[in-house]
Amino acid sequence: MELSRGGAQPQDRCPVQRPKVLRRPRPVYLLNYSVYKPPEEWRITHERFLENSRVCGAFNEASIAFQTKMVANGGLGQDTYLPEGVLVRPPQPTMANARKEAEMVLFDSVRDVLRATNVHPRNVDIVIVNCSLFNPTPSLSAMIVHHFKMRPNVITYNLSGMGCSAGIISIGLAKELLQMHPNKNCIVVSTENITQNWYFGNERSMLIPNCLFRVGGAAILLSNKATDYWRAKYELQHVVRTHMGASDESYKCVYQREDENGKVGVHLSKDLMTIAGRSLKANITTLGPLVLPFSEQLLFLANLISRKVLGMKGKSYVPDFKKAFEHVCIHTGGRGVIDEMEKQLRMTPALMQPSRDALHRYGNVSSSSIWYVLASIETKKGVKRGDRVWQIAFGSGFKCNSAVWRALRHVHTQHEAWLDAPTKA
Ligand SMILES: CC(C)(COP(=O)(O)OP(=O)(O)OC[C@H]1O[C@@H](n2cnc3c(N)ncnc32)[C@H](O)[C@@H]1OP(=O)(O)O)[C@@H](O)C(=O)NCCC(=O)NCCSC(=O)CC(=O)O
């Protein structure tokens, strides 16, 4: 086989340009998605969580008291889930148990979305998996290819270490690939893995993730095929990514490290909410002009000129994003994070409720959380044709990423994960 030696390719030299209409980016359709519902044996009440913490012997009395307070205030209900490797006494954070957790989440989510879209595994063209803290070899994307016996020429990517906003990074990568390659589909799988990331020390900032992070995952099937327009739920409108990693403070804000006793965990800075607020501001400054009505853009501009050009005193104007979106899916980082976003974006309690419900029912499920929120909206009130959906996620880096979707039809899917929804946030 003749391999390309680089340099100008015949198509680069072709003087005939594609007609303008063909040069427009290809549309990206979301056919369907699934969110994972863990087994009943993995259900963890507040009492079971605290009892496990007590008997595992890793925590001192002050840490138990701190966890008791966090569990009460974190916004999680009595029905979130932890994996077997963490639930057994004593915990067994082995590679085998971490793999078991990953396999259950990945395989169930992918199987469900393939079933819902009637796509055979051999007809999948691209697989993108993001998981921040568990990255075995072969990779998680290889596990999917192996389990579902996908084609040898399936294109796979495995994004690691990219935190809770990586679900939108995966969607952004899928968008770029689908805009480049005609007639393809792509499965995006977003998850986090808890088993080997449980913290067994007494540093408060590293104990908070134990109290908030829970098992979850989502699989999303995207396509650029014209024939899929007729069955797709949504069309992707925008992906806006903001990376604040140039600043030390932002970079260190969510940071995996050892504590003073050598126990590994993820440290969450007390300044996280302030840093998230800053990254949000940068993100919406780019997003605003793409989505806001002209009147809001004008108010924003007038405020900017009065402060920056005319030197007048006053607060910067936060545009009213309620005028740009009918539905908002905010990353379920913790009660404090959702409260802060509600305040900063001047959202109504009704718009925030699906995010609060998802935090309450499933906990902080990292990069998949925005899909649990959308699934809750679809199941409980439905999405109308033409509605605009804003997904916004924060995470280590520090990053704030947005995805905007437009509904192509009325969507009232009854997601299994929301059919029992036992208690209310
Ligand atoms: C953890 C909370 C639920 C606690 O709620 P409370 O109402 O109790 O809030 P509070 O702020 O008064 O905090 C209670 C006590 O906890 C302490 N406390 C709070 N945050 C702390 C931190 N990061 N490190 C150490 N201590 C901390 C406070 O000092 C206080 O101590 P004292 O009682 O002694 O005064 C909330 O603060 C919250 O939601 N915080 C944000 C959680 C977060 O960072 N989520 C993002 C995860 S990262 C993510 O999702 C993305 C990713 O991983 O990429």
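Not measured: the values here are computed from a predicted model.

## A short note on helix 6 (residues 95-117)
In a regular helix each residue adds 1.5 Å, so 23 residues correspond to 33 Å; helix 6 covers 33 Å between its end C-alpha atoms and thus fits that length. Inspection of helix 6 places Asn97, Ala98, Glu101, Ala102, Val105, Leu106, Phe107, Ser109, Val110, Val113, Leu114 and Thr117 among the buried residues, and these make up the whole buried set. Looking at the buried positions of helix 6, the neighbouring elements they touch are strand 1 (29-35), helix 5 (84-87), helix 7 (140-148), strand 6 (185-191) and strand 7 (217-223). One or two steps after helix 6, the chain reaches asparagine 118, where phi turns positive at roughly 60°.

## What about unusual backbone geometry?
A cis amide bond links arginine 89 to the next residue, proline 90, at an omega of -10°. By the element assignment, proline 90 lies in the loop between helix 5 and helix 6. That bond from threonine 137 to proline 138 is cis: its omega, -5°, falls within 30 degrees of zero. You can see proline 138 is positioned in the loop between strand 4 (126-131) and helix 7. Within the chain, asparagine 183 stands out as a residue other than glycine whose phi angle is a positive 60°. Counting through the fold element by element, asparagine 183 comes out in the loop between helix 8 (166-180) and strand 6.

## Looking at the pairing of strand 7
Among the seven residues of strand 7, seven are classified as buried, and the element is accordingly described as predominantly covered. Where burial is concerned, the two faces of strand 7 agree: the one with Gly217, Ala219, Leu221 and Ser223 and the one with Ala218, Ile220 and Leu222 are both buried. Sheet analysis places strand 1 next to strand 7, joined by six bridges and oriented antiparallel. Within strand 7, the position partnered with leucine 30 by the bridge is leucine 222. Sheet analysis places strand 6 next to strand 7, joined by seven bridges and oriented antiparallel. Residue pairing in the sheet places isoleucine 187 in a bridge with leucine 221 of strand 7.

## Quick word on the UniProt feature "domain: Chalcone/stilbene synthase C-terminal" (unreviewed entry) in the protein
UniProt annotation of "domain: Chalcone/stilbene synthase C-terminal" (unreviewed entry) refers to residues 320-407 when read in the numbering used here. As annotated, residues 320-407 comprises 41% helix and 24% strand, and the C-alpha atoms at either end are separated by 21 Å.

## Considering the domain arrangement of the protein
Its domain assignment divides the protein into domain 1 (23-230) and domain 2 (234-410). Inter-centroid distance (C-alpha atoms) of domain 1 to domain 2 is 20 Å. Counting from both sides, the interface comprises 57 residues of domain 1 and, opposite them, 49 residues of domain 2. Interface area, domain 1 with domain 2, both sides summed: about 4200 Å², of which 59% is carbon and sulfur. The largest per-residue losses of area from domain 1 upon contact with domain 2 belong to Tyr33, Cys164 and Ile168, which jointly make up 16% of the total buried on that side. In this structure, the connection of domain 1 to domain 2 is made through one salt bridge. The interface formed by domain 1 and domain 2 includes 24 residue pairs in polar contact (both at pLDDT 80 or more). Those elements that place two or more of their residues in the side of domain 1 that touches domain 2 are strand 1, strand 3 (80-81), helix 8, strand 6, helix 9 (204-212) and strand 7. Ranked by the residues each element gives to the side of domain 1 that touches domain 2, the list is headed by helix 8, at seven residues. Each residue belonging to the side of domain 1 that touches domain 2 can be placed in one class, and the counts come to 31 nonpolar, 19 polar and seven charged.

## Here's the deal with the site of the ligand
Taken together, 28 residues sit near the ligand, with Lys69, Cys164, Leu268, Arg335 and Gly336 positioned nearest. Interatomic distance of 2.8 Å between a backbone N/O atom of glycine 336 and an oxygen atom of the ligand. One of the side-chain nitrogen or oxygen atoms of asparagine 364 is found 3.0 Å away from an oxygen atom of the ligand. Relative to its unbound accessible area of 1000 Å², the ligand is 76% covered by the protein chains. Here the residues of the shell around the ligand sort into 12 nonpolar, 12 polar and four charged.

## Some words on a nonpolar patch on the surface
Taken together, the side chains of Leu301, Leu304, Ile305, Val309, Leu310 and Met312 present a nonpolar region at the surface, about 550 Å² in accessible area. Residue placement: isoleucine 305 occurs in helix 12 (residues 294-309).

## A short note on helix 13 (residues 335-344)
The set of residues buried in helix 13 consists of Val337, Ile338, Glu340, Met341 and Glu342. In this structure, the buried side of helix 13 is in contact with helix 11 (272-291), strand 11 (327-330), helix 14 (349-362) and strand 12 (388-395). After helix 13 finishes, the residue arginine 346 shows a positive phi value of roughly 50°.

## Description of the confidence of the model for the protein
On average, residues of the protein carry a pLDDT of 92, and 93% of them reach 70 or more. Low confidence marks residues 1-16, where pLDDT is under 50. Its contacts with residues over four positions away, or in another chain, come to three contacts. With pTM at 0.93, the complex prediction returns an ipTM value of 0.96.

## Comments concerning the side chain of arginine 361
Within the secondary structure, arginine 361 sits in helix 14. A distance of 2.9 Å separates a polar atom in the side chain of arginine 361 from a polar atom in the side chain of tyrosine 81.

Analysis parameters
Residues numbered from 1 in each chain as written. Predicted model: local features only at pLDDT ≥ 70, side-chain atom pairs only at ≥ 80, totals over all residues. Heavy atoms only, no water. Helix = DSSP H or I, 4+ residues; strand = E, 2+ residues; numbered from the N terminus. Expected span 1.5 Å × (residues − 1). Buried < 20%, exposed > 50% of the residue type's maximum accessible area, 1.4 Å probe, protein only. Contact = heavy atoms within 4.5 Å. Pairing = 2+ DSSP bridges. UniProt positions renumbered as here; feature names shortened; annotations may be inferred. Domains from an automatic or database assignment. Buried area = accessible area lost by both parts, 1.4 Å probe. Salt bridge = Lys/Arg side-chain N within 4 Å of Asp/Glu carboxyl O. Polar contact = N/O pair within 3.5 Å; in protein donor to acceptor, adjacent residues only side chain to side chain. Nonpolar A, V, L, I, M, F, W, Y, C, P; charged D, E, K, R; others polar. Near = heavy atom within 4 Å. Areas by Shrake-Rupley, 256 points an atom, 1.4 Å probe, with all protein chains shown as cover. Patch = residues over 30% accessible without salt bridge, like charges linked within 9 Å, V, L, I, M, F, W, Y side chains within 5 Å. pLDDT = per-residue confidence, 0-100.

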